[in-house]
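Per-entry structural report
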Amino acid sequence: MKVSMSIIVSVFSALLLSVSLATSDSSLEKFLQCLPNNSLPSYPISEAIYTTANSSFESVLQTYINNRRFLTPTTPKPIAIVTALHESHVQATVICAKASGLQVRIRSGGHDYEGLSYVSEVPFVILDMFNLRSIDVDIASETAWAQAGATLGEIYYNIANKSNVHAFPAGVCPTVGAGGHISGGGYGTLMRKYGLTVDNIIDAKVVDVNGNILDRETMGEDLFWAIRGGGGASFAVVLSWKLNLVRVPEKVTVFKVDRTLEEGATDIFYQWQQVSTELDKDLFIRAMPQVANGSQEGTRTISISFYALFLGQSEALLSMMNKSFPKLGLQQKDCIEMRWIESTLFWNDLPIGTSIDVLLNRPQGAQSFYKNKSDYVNKIVPREALERIWKMMIKADPMWMQWNPYGGRMSEIPDTATPFPHRAGYLFKLQYSINWDEEGTEATDRYISLIREMHDAMAPYVTSYPREAFQNYRDLDIGSNPSNQTDFERAKVYGLKYFKGNFLRLVKIKGQVDPDNFFKHEQSIPPRWI
């Protein structure tokens, strides 16, 4: 009797699945039995464990998933989630996952662009940090300790409750978790004045691969260097960060000015390229081109939003802009003076007068599907090339871009000071993003194809050999490994794009602190290159 090959394959696949499920069940049982033996009785870890048998499992999983691309029925799910309520729960999770042969994915805010903090192709548990969110601000020393599960909004809010003249240089999205944002580099509107988020970290607490809690002194300068921009999830679990607070005026000035192509946006953007990285450090102007409706019905055009934060008052800003960036035509009516904490709301397009209490809002699950990519620019893009870029953007509608200027403090910090290497000589960091609401793989494939085509078309205008990328804008298109192994040659492809020459130092440190490669994901650092 003949048996078709498809039947054989189906039976074999089912057998593999049943073996995998049996292995997962056995590993989960071992993991669950191990946890109480490695946690403090005064902080029962049983209250922090969710498995698929728990009615709250799905809601706990989904609340901190930011991208609907990873909410599909085919997305792999963890066999357990540990929502750590105490540092000892983190220690126990690492020790027991290691002993049980399970992978750990570490999630703070869930904004990982490729979902690597909560998706894996092998049996895994999520170590969810969102309950570890305490923030202790000490204005006298101009420092603060923030746990990894605290959001940027919560950090800003707590600083503002103590001082109107202190801030912290981090991102503009308030629901991003501190753990991943800082360990991946982190930047925001204060970067030209004070550098990156990682440039303002003075201590940290981590749980290492053996379950030990270490601070800067006990972890050593190599590991402390690696987790500030090299991606903490390759090396340890970050528990908390000690932040260096920076000074800001009692009143800052913001503006958002929109210009379409019909209003001379191309000439304005070209001048912005020439001046934005040379302006005073106190001024940060982001340019955000996006597709918009044209003046004639049924047509599409480009509208460029120029967002700015100036660490000073509007009179000084207007004088600076009229002298250095006259094409924008900034007027007094465009300028709004406010406290720095209120500027964080402005950058989120919230109405003037919105209560800063909104900064305490936690993530509420994924609102849309999206795909992001990044680039670095080290030479001004010619005007005629801009015209081509706008046409490509309209073709890739509804894609948008963010151009973030460097210069200032960014050019003063050595490229080896942290793993983040993109410093002097860079003009702009680009982010590309495409969002959609349509369900199904066909829509997802179509939109991802559009942003990839746009990214490919931008090659002549960005860095090359390697074409560089920002590690916090995770992008598996630039290279990846399987979930459960980290081959050096494959890692080198994405590693050099994210870290350039700092990649090899990261590899060396990984080999010292996690030689058996327990902490891993698709774009993690390998422990050796032989």
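For the structure itself, consult the block above.
First, a word on scope: everything that follows refers to the structure included in this document.

Conventions adopted
Residues numbered from 1 in each chain as written. Predicted model: local features only at pLDDT ≥ 70, side-chain atom pairs only at ≥ 80, totals over all residues. Heavy atoms only, no water. 1 Å grid on protein atoms, 1.4 Å probe; cavity = no way out; pocket = protein on both sides within 12 Å on 5 of 7 lines; lining within 4 Å. Points joined across faces, edges and corners; volume = space filled by probe spheres on them. Helix = DSSP H or I, 4+ residues; strand = E, 2+ residues; numbered from the N terminus. Expected span 1.5 Å × (residues − 1). Buried < 20%, exposed > 50% of the residue type's maximum accessible area, 1.4 Å probe, protein only. Arc of directions from axis to C-beta. Contact = heavy atoms within 4.5 Å. Core = buried A, V, L, I, M, F, W, Y, C linked by side-chain atoms within 4.5 Å. Phe/Tyr/Trp six-rings, centres within 6.5 Å; stacked < 30°, edge-to-face > 60°. Lys NZ or Arg CZ within 6 Å of the ring centre and 35° of its normal.

As for the layout of surface pockets
Estimated volume of the second largest pocket: approximately 480 Å³. Lining the second largest pocket are 20 residues, and of these Arg69, Phe70, Thr72, Thr74 and Thr75 sit closest to its centre.

Some points on helix H13 (residues 441-457)
The periodicity of an α-helix, 3.6 residues per turn, causes residues three or four places apart in sequence to face the same way. Here H13 contains 17 residues, and its C-alpha end-to-end distance of 24 Å stays within 8% of the 24 Å for a straight helix at 1.5 Å per residue. Taken as a whole, H13 has its buried residues at Ala443, Thr444, Tyr447, Ile448, Leu450, Ile451, Met454 and His455. The arc enclosing the buried residues of H13, seen along the axis, measures out at 145°, which places them on a common side. The exposed residues of H13 that point more than 90 degrees off its buried face are Thr441, Glu442, Asp445 and Asp456. Elements in contact with the buried residues of H13: strand S16 (369-377), helix H12 (383-395), strand S17 (400-405) and strand S18 (428-436).

Considerations on the nonpolar core
Within the largest apolar cluster, 77 residues are counted, with the highest numbers of intra-cluster contacts made by Trp241, Leu243 and Trp340. The element best represented in this core is helix H4 (residues 152-160), accounting for six residues. In terms of nonpolar packing, the next biggest core, distinct from the first, is built from 52 residues, Ile268, Ala287, Val291 and Tyr447 among them.

Regarding the packing of aromatic side chains
Scanning the model with the defined rule gives 25 aromatic pairs in all. Consider the rings of Trp436 and Tyr447, whose centres lie 5.1 Å apart with planes at 10°: the pair is stacked. Residue Trp436 is located in strand S18, and its partner Tyr447 is located in helix H13; the two are separated by 11 residues in the primary sequence. The interplanar angle of 65° and the centroid separation of 5.9 Å between the aromatic rings of Tyr498 and Phe499 together place this pair among those described as edge-to-face. Of the two residues examined, Tyr498 and Phe499, each falls in the buried class. Grouping aromatic residues by their ring pairs yields a cluster made of Tyr113, Tyr187, Tyr370, Phe420, Phe470 and Tyr473. Lying across the ring of Tyr187, Lys429 places its NZ or CZ 4.5 Å from the centre.

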